[in-house]
Amino acid sequence: MVYIVLYLAVGGVAGVLAGLLGIGGGLVIVPMLTSVFTHQNVAHEVIVHMALGTSLASILFTSISSMRSHHKHNAVVWPVVFRITPGILVGTFTGTWIASMLSTNFLKCFFGIFLYYVATQMLMGIKPKSTRDIPGTAGIFAAGSIIGVFSSLVGIGGGTLSVPFLTWCNTKIHKAIGTSAGIGLPIAVAGFIGYVINGLGAPNLPPLSLGFVNLGALAGIVAASVLTAPIGVKLAHSLPVDKLKRVFAVLLYVVGTRMLISVFW
């Protein structure tokens with residue numbers, strides 16, 4: 001029961017922050033699940049793999065709701081979503097295969113450094129200038145592959161990477177955010193399948209695991225985040241979101257530092 005409550009708490013926090021700050025749930029889910037799995041005495045060598053796989057599996061559910069919401073506001077540029085999806089699928093699936101061969105400590109370091117990147121971007125309001133148009137077939141496949149690989153290695157829906165890319169390619173910010181929501185679905189699908197396949201037969205998996213996806217944690221996270229995300233959206237209209245983002249950026253530095261410290265101590 002204790003761990004069920006913790007899974008619900010992870011989903012609840014992720015849902016509120018996603019609705020309030022517009023950040024991907026994976027940035028919250030992965031470090032929180034890593035902590036829960038550690039206290040649950042999950043084998044060290046699969047802790048982060050389980051957190052990444054379960055995070056992407058949860059995004060499979062939440063991305064559909066986000067995508068539909070943005071579609072209603074005509075904010076999803078579907079031709080771009082369809083063109084970038086092949087690269088996204090290849091990159092994300094490849095990323096899960098790479099992750100399956102990496103150690104827990106390496107993945108912790110990689111995630112910690114990624115949090116530093118996101119926190120700096122958020123704290124300083126760094127936004128790429130629109131300097132070019134959407135690339136051709138080869139270019140957009142390469143971009144999708146890169147976004148997919150990095151997203152699968154940190155367990156996110158890709159918005160932290162795809163929004164800057166689309167903005168750089170002269171896409172207006174509301175369209176970039178909406179299109180990123182559309183891109184999040186193929187990332188979640190490929191990530192979920194990849195972490196299941198690459199985790200099948202892995203030693204020391206905890207109960208209720210399908211490959212590197214923990215079904216108990218997934219159920220709790222999805223149930224809570226679906227309920228709390230609308231609360232975050234409502235709070236966004238009454239709270240100073242810009243100030244909260246700066247506070248959250250500092251929190252990401254702290255979480256990233258803890259991740260790195262845990263590798264060496």
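Before reading further, recall that the structure is shown in the block above.
Below is a summary of the structure that appears in this document. (Residues numbered from 1 in each chain as written. Predicted model: local features only at pLDDT ≥ 70, side-chain atom pairs only at ≥ 80, totals over all residues. Heavy atoms only, no water.)

In terms of regular secondary structure, the chain is built from ten helices and two strands. Mapped from its N terminus to its C terminus, the chain presents α and β elements in the order α-α-α-α-α-α-α-α-β-β-α-α. In terms of overall size, the chain behaves like a compact globule, its C-alpha atoms giving a radius of gyration of 17 Å where 265 residues would be expected to give roughly 18 Å. Across its three principal axes, the chain shows a C-alpha extent of roughly 50 × 45 × 35 Å. Taking all 265 residues of the chain together, 50% fall into the buried category. Total accessible area on the chain stands at roughly 12300 Å², and carbon and sulfur atoms take up 72% of it. (Helix = DSSP H or I, 4+ residues; strand = E, 2+ residues; numbered from the N terminus. Rg over C-alpha atoms; globule rule 2.2 N^0.38 Å. Buried < 20%, exposed > 50% of the residue type's maximum accessible area, 1.4 Å probe, protein only. Areas by Shrake-Rupley, 256 points an atom, 1.4 Å probe, with all protein chains shown as cover.)

Counting residues in hydrophobic clusters, the biggest one holds 68 residues, and the most contacted among them are Leu 33 and Phe 37. By residue number, the principal contributor to this core is helix H3 (residues 47-72), which donates nine residues. For Phe 37, the contacting residues outside a window of four places in its chain are Tyr 7, Val 42, Ile 47, Met 50, Ala 51, Asn 214 and Ala 217. (Core = buried A, V, L, I, M, F, W, Y, C linked by side-chain atoms within 4.5 Å. Contact = heavy atoms within 4.5 Å.)

To continue, consider the environment of Tyr 3. If you trace the backbone, Tyr 3 turns up in helix H1 (residues 2-21). Separated by 34 residues in the primary sequence, Tyr 3 and Phe 37 have C-alpha atoms spaced 9.1 Å apart. Not counting residues up to four positions away in its chain, the partners in contact with Tyr 3 are Val 36, His 39 and Gln 40.

Taken N-terminus to C-terminus, the directions of helix H5 (residues 104-124) and helix H7 (residues 159-168) make an angle of 50 degrees; their axes are 11 Å apart at the nearest point. Classified by the angle their axes make, H5 and H7 are oblique. Taken as a pair, H5 and H7 cross one another with a handedness that is left-handed. Touching Phe 114, Tyr 117, Val 118 and Gln 121 of H5 are Thr 160, Leu 161 and Pro 164, all from H7. Taken together, the residues that form the contact of H5 with H7 break down as five nonpolar, two polar and no charged. (Axes fitted to C-alpha atoms, helices over the stretch in contact; angles between N-to-C directions. Parallel < 35°, antiparallel > 145°, perpendicular 65-115°, else oblique. Left-handed = near helix turned anticlockwise from the far one by under 90°. Nonpolar A, V, L, I, M, F, W, Y, C, P; charged D, E, K, R; others polar.)

Position of Ile 261 relative to the elements: it lies in helix H10 (residues 241-264). A relative accessible area of 40% means that Ile 261 is categorised as partly exposed. For the pair Ile 261 and Ala 219, spaced 42 residues apart in sequence, the C-alpha separation works out to 30 Å.

Another aspect to go through is unusual backbone geometry. A positive phi angle, near 55 degrees, is found at Asn 74, a position not held by glycine. Overall, Asn 74 belongs to the exposed group, its relative accessible area being 57%. At Asn 170, a residue that is not glycine, the phi angle is positive and equals roughly 65 degrees. Mapped onto the elements of the fold, Asn 170 is located in the loop between H7 and helix H8 (173-199).

Side chains three or four residues apart in an α-helix point the same way, a direct result of the helix having 3.6 residues per turn. Compared with the 39 Å implied by 1.5 Å per residue over 27 residues, the 37 Å span of H8 between its first and last C-alpha is a close match. Where H8 terminates, the next one or two residues include Gly 201, which has phi positive at roughly 85 degrees. (Expected span 1.5 Å × (residues − 1).)

Summed over the entire model, instances satisfying the criterion amount to eight aromatic pairs. Between Trp 78 and Phe 82, the aromatic rings sit 5.8 Å apart at their centres with planes inclined by 25 degrees, giving stacked as the arrangement. Remark: Phe 82 and Trp 78 occur in helix H4 (residues 78-101); sequence separation between them is four residues, near one turn of the helix. What makes Trp 78 partly exposed here is its relative accessible area of 24%. By relative accessible area, Phe 82 is classed as exposed at 58%. Measuring from centroid to centroid gives 5.8 Å for Tyr 116 and Tyr 253, while their planes differ by 55 degrees, and the two rings are tilted. Here Tyr 253 lies in helix H10 and Tyr 116 lies in helix H5, a separation of 137 residues in the sequence. (Phe/Tyr/Trp six-rings, centres within 6.5 Å; stacked < 30°, edge-to-face > 60°.)

In short, the description is geometric, and any link to function would need to be established separately.
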